[in-house]
Amino acid sequence: MALSDRPAERHRQVAGLFTDRVRGTRRWDAPAPVAGWTARDVVRHLTEWLPGFLASGAGVELPVPIRSRAPSADEDPVAAWQVHCDGVQAVLDDPETAHRELADPHVGRLPLETAIDRFYTADVFMHTWDLARATGQDDRLDEGLCARLLAEMEPMERVIRSSGQFGARVEVPGGADVQTRLLGFIGRDPFWPGR
């Protein structure tokens, strides 16, 4: 299935695949391909960084269920992810989002849905491989989005490396498929053996 070019629908698709990997995880302490991380840390990362980014850049708070607070990834990684994911989707599905902007000193001003798509949905997409590989699940990613992300990021490699958000490029064999090339670019060993 091809991924949508609409940010709300693309998030639904990408987050849906990550949700499947979250629900399929049986060992949350399994080592992940990111040095020092476990499967639980992948979920923790995705549920912790976006709320501050949205609040500071757009004054947006993710909705949480009434009468309950979102659990942490330490308490219940499956529930933590689901509450967070549903909150992001609610923001993207809200008609008012089309009129909102995010302002950030590093990225400038962007429509809110574009900022979520470019920085967060892309992050969920790439971390899907981390969680899948850590937990022995299907780690194939959409080739079209792999190609698009790689094409967008390669010209900005120096900025990306200096951000501290990505590891050093991992060299991959010539003629490697686009997923392997993307993983190597973002500092993952595409041949990391997993659990």
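Structural data are supplied above this passage.
Residues numbered from 1 in each chain as written. Predicted model: local features only at pLDDT ≥ 70, side-chain atom pairs only at ≥ 80, totals over all residues. Heavy atoms only, no water.

Caption draft 1: Layout of helix 1 (residues 7-24). The first and last C-alpha atoms of helix 1 sit 25 Å apart over 18 residues, in line with the 26 Å expected at 1.5 Å per residue. Along helix 1, the positions that sit buried rather than exposed are Pro 7, Ala 8, Arg 10, His 11, Gln 13, Val 14, Ala 15, Phe 18, Thr 19, Arg 21 and Val 22. Among the structural elements, helix 2 (39-58), helix 3 (77-93), helix 4 (112-134) and helix 5 (143-153) are those in contact with the buried residues of helix 1. (Helix = DSSP H or I, 4+ residues; strand = E, 2+ residues; numbered from the N terminus. Expected span 1.5 Å × (residues − 1). Buried < 20%, exposed > 50% of the residue type's maximum accessible area, 1.4 Å probe, protein only. Contact = heavy atoms within 4.5 Å.)

Caption draft 2: Representation of the pattern of salt bridges. Under the counting rule described, the total for this entry stands at 15 salt bridges. Between Asp 74 and Arg 44 there is a salt bridge whose closest N-O contact spans 2.1 Å. One end of the pair, Asp 74, is in the loop between helix 2 and helix 3; the other, Arg 44, is in helix 2, with 30 residues separating them in the sequence. Here Asp 74 falls in the exposed class, since its relative accessible area comes to 51%. Judged by its relative accessible area of 18%, Arg 44 falls in the buried class. Where Asp 139 meets Arg 133, a salt bridge forms, and the shortest distance between an N and an O atom there is 2.6 Å. An identical accessibility class is assigned to Asp 139 and Arg 133; each is buried. Among the ionic contacts, a cluster of salt bridges with common partners joins Arg 10, Asp 117, Arg 148 and Glu 152. (Salt bridge = Lys/Arg side-chain N within 4 Å of Asp/Glu carboxyl O.)

Caption draft 3: Structural view of the environment of Trp 28. With respect to the secondary-structure elements, Trp 28 resides in the loop between helix 1 and helix 2. A relative accessible area of 13% places Trp 28 in the buried class. Sequence separation of Trp 28 and Ala 73 is 45 residues, and the distance between their C-alpha atoms is 9.8 Å. Not counting chain neighbours up to four residues away, the residues in contact with Trp 28 comprise Val 22, Thr 38, Ala 39, Arg 40, Val 43, Pro 77, Val 78 and Leu 131.

Caption draft 4: Spotlight on the pairing of strand 1 (residues 101-104). Of the two faces of strand 1, only one is covered, namely that formed by Leu 102 and Asp 104; the face formed by Glu 101 and Ala 103 stays uncovered. As judged from the four bridges shared by strand 1 and strand 2 (residues 108-111), these two strands associate in the antiparallel manner. Paired with Glu 101 across the bridge in strand 2 is Pro 111. Hairpin geometry of strand 1 and strand 2 is characterised by an intervening segment of three residues between the two adjacent antiparallel strands. (Pairing = 2+ DSSP bridges.)

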